[in-house]
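Commentary on secondary and tertiary structure
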Amino acid sequence: MAEGTDPGTIQPGSQESQDGWQVGLNGSNWGEFLGDLKGDPVFKPYEGKPVQEVFKGYANAARMIGGDKIVVPAGSLDTEATWNQVWDKLGRPKDHRGYHLKLEQGIFPEGTQLDPGVDEAYAKTCHRLGILPKQANALYNWHARLVSDMQAQSAAREGSAYDRAADELRRELRTEERFQTFVDKSNRVVSRYAGSQDAADRIIDKYGNDPDIIRLLGNIGASLDEDVLVTGGRRYADGADPREKLLDIQQNKANPLHEAYFNAGHPQHQYAVDEVFRLTQLAQGGKGWRKP
């Protein structure tokens, strides 16, 4: 403190300076006033400035922090329990049900059904990691767009492979009619030998655009005559009693026509009904018939 200076007064505007610190409080050097805090980097921006600047900085910081202060966990406070308090103060929902995930329009084709179990697991993970609702929804849609793009690229590759294989088959079979017959036989082999219509649908959904599978099944179908293809691969001896065939359809669940006959929604239902009628006629001594 300067000699003769009143310690109870502030000397505003003083230009005295020592070690880069202006005289500010009670005419004393501001750096000396800080004492042990002189080297604290917090006060570095105020070096060479009057004490009023420090007060302004403190006031601004207090307004920014507000009354509900959040301490970033460090050292011994760096625990899951402490971080949970931070997430809650920042606005994390009480539990995973507080995340209201909303898929943006246009990401997936209209009518696409998403797995609610996956959404629930995602929300639980977001809550455990302290992700805020707005962030969770943004990540949710980002991932949805990523999956949609990957599916589109995969479909494009499968489509290109199928188109190339189809063009090659068309050249081999020479006509569009033969090509369509080949593909139809491929589908019918699946329907007849899958064991059930549900199984056939799953196989078609999974391998329906695989050119190698279509070629394999089409060649199998082309090697079978119509009766063998329809009856599921069972060959009856020449002159076999039609009653044997009839009973096999009606009682043998392994016979594909068994399900087709009793299930009105089966694609081969009408064929099975006609076949049962034809065999019944033959068993009764008639000529029998089959609708074309």
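Residues numbered from 1 in each chain as written. Predicted model: local features only at pLDDT ≥ 70, side-chain atom pairs only at ≥ 80, totals over all residues. Heavy atoms only, no water.

Digging into helix H6 (residues 176–193)
Note the threshold: Secondary structure is summarised from DSSP: a helix means a run of H or I of at least four residues, a strand means a run of E of at least two, and numbering begins at the N terminus for each. In this scheme, a helix's expected span is set at 1.5 Å multiplied by one less than its residue total. Relative accessibility under 20% of the residue-type maximum defines a buried residue, over 50% an exposed one, and the middle range a partly exposed one, all with a 1.4 Å probe and only protein chains included.
Along its 18 residues, H6 runs 26 Å from first to last C-alpha, staying within 8% of the 26 Å computed at 1.5 Å per residue. Looking at H6, one finds that the buried residues are Phe 179, Phe 182, Val 183, Lys 185, Ser 186, Arg 188, Val 189, Val 190, Ser 191 and Arg 192. Looking one or two residues beyond H6, the residue adopting positive phi is Gly 195, at roughly 100°.

Quick word on empty space enclosed by the protein
Which entries qualify depends on this criterion: Buriedness of a pocket was judged along seven lines, with at least five required to meet protein on both sides within 12 Å; pockets are open sets of points on a 1 Å grid over the protein atoms alone, cavities are sets where a 1.4 Å probe fits but cannot get out, and lining residues have an atom within 4 Å of a point. Grid points are joined across faces, edges and corners, and a volume is the space filled by probe spheres set on the points. As a working rule, the residues Ala, Val, Leu, Ile, Met, Phe, Trp, Tyr, Cys and Pro are called nonpolar, Asp, Glu, Lys and Arg charged, and the rest polar, with Gly in that last group.
For the structure shown, the criterion picks out one cavity of 30 Å³ or more. Reported here for the largest cavity is a volume of approximately 40 Å³. Contributing to the lining of the largest cavity are Tyr 162, Ala 165, Ala 166, Leu 169, Phe 179, Val 183, Pro 211 and Ile 214. Put simply, the parts of the chain that give the lining of the largest cavity at least two residues each are helix H5 (133–173), H6 and helix H8 (211–223). The dominant element in the lining of the largest cavity, judged by the number of residues it contributes, is H5, at four residues. Looking at the lining of the largest cavity residue by residue, the class counts come to eight nonpolar, no polar and no charged.

Remarks on the confidence of the model for the protein
Which entries qualify depends on this criterion: The quantity known as pLDDT measures the predictor's confidence residue by residue, on a range of 0 to 100. The contact definition used throughout considers only heavy atoms, calling two residues in contact when any of these lie within 4.5 Å.
With 76% of its residues at a pLDDT of at least 70, the protein reaches an overall mean of 76. When pLDDT is averaged over each helix and strand of the protein, the minimum, 46, is found for strand S1 (residues 17–18) and the maximum, 94, for helix H4 (residues 116–129). Here residues 4–21 scores under 50 on pLDDT; set against residues more than four positions off or in separate chains, the count is 33 contacts. Taken together, the stretch residues 232–239 has pLDDT below 50 and engages in 13 contacts with residues farther than four places along the chain or on a different chain.

Focus on the packing of aromatic side chains
Going by this rule: Centres within 6.5 Å make a pair out of two Phe, Tyr or Trp rings, where for Trp the six-membered ring is used; the pair is then stacked when the planes are under 30 degrees apart, edge-to-face when over 60, and tilted otherwise. Each ring is checked for a lysine NZ or an arginine CZ that lies within 6 Å of its centre and within 35 degrees of its normal; such an atom marks a charge sitting over the ring.
Counted by the stated rule, this structure contains three aromatic pairs. A centroid spacing of 5.1 Å and a plane angle of 25° characterise the contact between Trp 83 and Trp 87, whose relative ring orientation is stacked. Of this pair, Trp 83 and Trp 87 are both found in helix H3 (residues 80–90), four residues apart, which corresponds to roughly one turn of the helix. Both rings, one in Tyr 122 and one in Tyr 140, keep their centres 5.7 Å apart while their planes meet at 45°; by these two values the pair is tilted. Residue Tyr 122 is located in helix H4, and its partner Tyr 140 is located in helix H5; the two are separated by 18 residues in the primary sequence. One Lys or Arg, Arg 170, reaches over the ring of Phe 179 and ends 4.1 Å from the middle of that ring.

A word on a nonpolar patch on the surface
Applicable threshold: Note that patches include only residues with greater than 30% relative accessible area and no salt bridge, and the join distances are 9 Å for like charges and 5 Å for nonpolar side chains (Val, Leu, Ile, Met, Phe, Trp, Tyr). Every accessible area reported is derived by Shrake-Rupley at a probe size of 1.4 Å, with residue values counting cover from the shown protein chains alone. Every case where a carboxyl oxygen of Asp or Glu lies within 4 Å of a side-chain nitrogen of Lys or Arg is listed as a salt bridge.
Judged by side-chain polarity, Leu 139, Trp 142, Leu 146 and Met 150 come together as a nonpolar surface patch covering roughly 410 Å² of accessible area. Along the chain, Leu 146 turns up in helix H5.

Considerations on the pattern of salt bridges
Pairing of side chains with opposite charge becomes possible as their charged atoms draw close. Following the criterion strictly, the structure yields seven salt bridges and no others. When the shortest N-O distance is used, the salt bridge between Glu 120 and Lys 124 registers 3.8 Å. One end of the pair is Glu 120 and the other is Lys 124, both in helix H4 and four residues apart, which spans about a single turn. Look at Glu 120 and you get partly exposed, because its relative accessible area is 39%. The residue Asp 167 makes a salt bridge to Arg 170 at a minimum N-O spacing of 3.7 Å.

Observations concerning the nonpolar core
Across soluble globular proteins, nonpolar side chains show a tendency to be buried alongside one another. What counts here: To define a nonpolar core, start from buried Ala, Val, Leu, Ile, Met, Phe, Trp, Tyr and Cys residues and group those joined through side-chain atoms within 4.5 Å.
If you look at the biggest cluster of nonpolar residues, it comprises eight residues: Leu 246, Ile 249, Leu 257, Ala 260, Tyr 271, Ala 272, Val 276 and Leu 279. Ranked by residue count, the leading element in this core is helix H12 (residues 269–283), at four residues. Not counting the four nearest positions on each side in its chain, Ile 249 is found in contact with Asn 255, Leu 257, His 258, Tyr 261, Glu 275, Val 276 and Leu 279. Within the second largest apolar cluster, six residues are counted, among which are Ala 166, Leu 169, Leu 173 and Val 183.

Topic: helix H10 (residues 242–251)
Each full turn of the α-helix corresponds to 3.6 residues, which orients residues three or four apart in the same direction. Rule in force here: Of all possible arcs, the one meant is that of the directions from the helix axis to the C-beta atoms.
Turning to H10, its buried residues are Pro 242, Leu 246, Asp 248 and Ile 249. In a view along the axis of H10, the buried residues occupy a sector of 160°, so they form one face of it. On its buried side, H10 packs onto helix H11 (256–262) and H12.

A closer look at the environment of Leu 282
Within the secondary structure, Leu 282 sits in helix H12. By relative accessible area, Leu 282 is classed as partly exposed at 29%. Sequence-wise, Leu 282 and Asp 241 are 41 residues apart; in three dimensions their C-alpha atoms are separated by 8.8 Å.

Quick notes on the packing of H5 against H6
Selection rule: To obtain each axis, a line is fitted to C-alpha atoms, and for helices this fit is confined to the stretch in contact; angles are then taken between N-to-C directions over 0 to 180 degrees. Our angle categories are set so that under 35 degrees counts as roughly parallel, over 145 as roughly antiparallel, 65 to 115 as roughly perpendicular, and the remainder as oblique. The hand of a helix crossing depends on one turn: near helix anticlockwise from the far one by less than a right angle means left-handed, and clockwise means right-handed.
One can describe the packing of H5 onto H6 by two numbers: an axis separation of 8 Å at closest approach and a directional angle of 120°. Here H5 is positioned oblique relative to H6, judged by the angle of their axes. For H5 against H6, the interelement crossing comes out right-handed. Within the contact between the two elements, H5 uses Tyr 162, Ala 166, Leu 169, Arg 170 and Leu 173 and H6 uses Glu 176, Arg 178, Phe 179, Gln 180 and Phe 182. In terms of residue class, the contact of H5 with H6 is made up of six nonpolar, one polar and three charged.

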